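The lines below spell out each chain.
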Amino acid sequence: MNDFKSSIKKNKLGIILMVFAASQTALGQMFWKMSNGELNIYLFIGFFLYGLGAVLMIVSFRFGSLSVLHPLLSIGYVFALFLGAVVLQEVITTSNIIGTSLIMIGAALIGGGDN
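Residues numbered from 1 in each chain as written. Predicted model: local features only at pLDDT ≥ 70, side-chain atom pairs only at ≥ 80, totals over all residues. Heavy atoms only, no water.

Enquirer: What's the story with the overall build of the protein chain in this structure? I'm lost.
Expert: Across its full length, the protein chain carries six helices and zero strands. Reading the protein chain from its N end, one meets helices and strands in the order α-α-α-α-α-α. Counting only C-alpha atoms and orienting by the principal axes, one finds that the protein chain spans roughly 50 × 35 × 15 Å. The buried share of the protein chain, taken over its 115 residues, is 32%. Accessible surface computed for the protein chain: about 7100 Å², of which carbon and sulfur atoms make up 70%. (Helix = DSSP H or I, 4+ residues; strand = E, 2+ residues; numbered from the N terminus. Buried < 20%, exposed > 50% of the residue type's maximum accessible area, 1.4 Å probe, protein only. Areas by Shrake-Rupley, 256 points an atom, 1.4 Å probe, with all protein chains shown as cover.)

Enquirer: I tried to follow the environment of S101 on my own but got confused; where do I start?
Expert: For S101, the location among the structural elements is in helix α6 (residues 94–111). Between the C-alpha atoms of S101 and V78, which are 23 residues apart in sequence, the distance is 8.6 Å.

Enquirer: For this particular structure, what's the right way to read unusual backbone geometry?
Expert: When glycine is set aside, most residues are seen to have a negative phi, and most peptide bonds are trans. If you check the backbone angles, N36 has positive phi at about 55° while not being a glycine. Examined against the element boundaries, N36 turns out to sit in the loop between α2 (12–34) and α3 (41–60). Phi at Q89 takes a positive value of approximately 60°, unusual for a residue other than glycine. The exposure class assigned to Q89 is exposed, which follows from its relative accessible area of 61%.

Enquirer: Teacher, can you tell me more about α3 here?
Expert: Here α3 is 20 residues long and its end C-alpha atoms lie 28 Å apart, about the 28 Å a rise of 1.5 Å per residue gives. Listed as buried for α3 are L43, G46, L49, G53, L56 and S60. Down the axis of α3, the smallest arc covering the buried residues is 155°, so these residues share one side. Turned more than 90 degrees off the buried face of α3, the exposed positions are I41, F48 and I58. Taken together, the buried residues of α3 touch α2 and α4 (66–69). (Expected span 1.5 Å × (residues − 1). Arc of directions from axis to C-beta. Contact = heavy atoms within 4.5 Å.)

Enquirer: In this structure, what is going on with the nonpolar core? I would like to understand it.
Expert: Judged by nonpolar contacts, I15, M18, A22, V68, L69, L72, I75 and A107 together constitute the single largest core of eight residues. If you list the elements that add at least two residues to this core, you get α2 and α4. Of all the elements, α2 adds the most residues to this core, at three residues. Those residues in contact with I75 that lie beyond four places of it in its chain are V19, A22 and A107. If you look at the next biggest cluster of nonpolar residues, it comprises five residues, including M30, F31, L49 and L83. (Core = buried A, V, L, I, M, F, W, Y, C linked by side-chain atoms within 4.5 Å.)

Enquirer: How do you make sense of the packing of α2 against helix α5 (residues 75–86) when you look at a structure like this?
Expert: Working note: a packed helix pair is described by the angle between its axes plus the distance between those axes. One way to put it is that α2 packs onto α5 with a least axis distance of 8 Å and a crossing angle of 40°. Comparing their axes, α5 and α2 come out oblique. Here α2 and α5 pass one another in a crossing that is right-handed. Note on element contacts: α5 touches α2 through I75, G76, F79, A80 and L83, opposite V19, A22, S23, A26, L27 and M30. (Axes fitted to C-alpha atoms, helices over the stretch in contact; angles between N-to-C directions. Parallel < 35°, antiparallel > 145°, perpendicular 65-115°, else oblique. Left-handed = near helix turned anticlockwise from the far one by under 90°.)

Enquirer: Whenever I open this one, the confidence of the model for the protein chain confuses me. Can you help?
Expert: Caution applies to low-pLDDT regions: their predicted coordinates should not be interpreted in detail. Across the protein chain, the average pLDDT comes to 91, with 95% of residues at 70 or higher. Within the protein chain, α3 carries the highest mean pLDDT (97), whereas helix α1 (residues 2–10) carries the lowest (80). (pLDDT = per-residue confidence, 0-100.)

Have a look at this one:
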């Protein structure tokens, strides 16, 4: 457990930035979906948010290990599931909940995987 805590501490800023990057890319994708493939404000907001997420991802790699941070992008799937349900009124199935739970568990375990 001590190794886990030290890994989290060592990569803390990178982890925070990577989770924020994942949230921005998920938001960007949601806005793309909302644009319905048309050239409108939702499409441009989506590009901006997705681009912001990409920049944050690049910056986050300066503050942690690649093997810890890159897998945390999978948190974007968690954000996308909840955004789809709350904003787009998509249905969450039992399989979605199980899969999302496994992603969150895996991301937490990987976040402490430096040692």
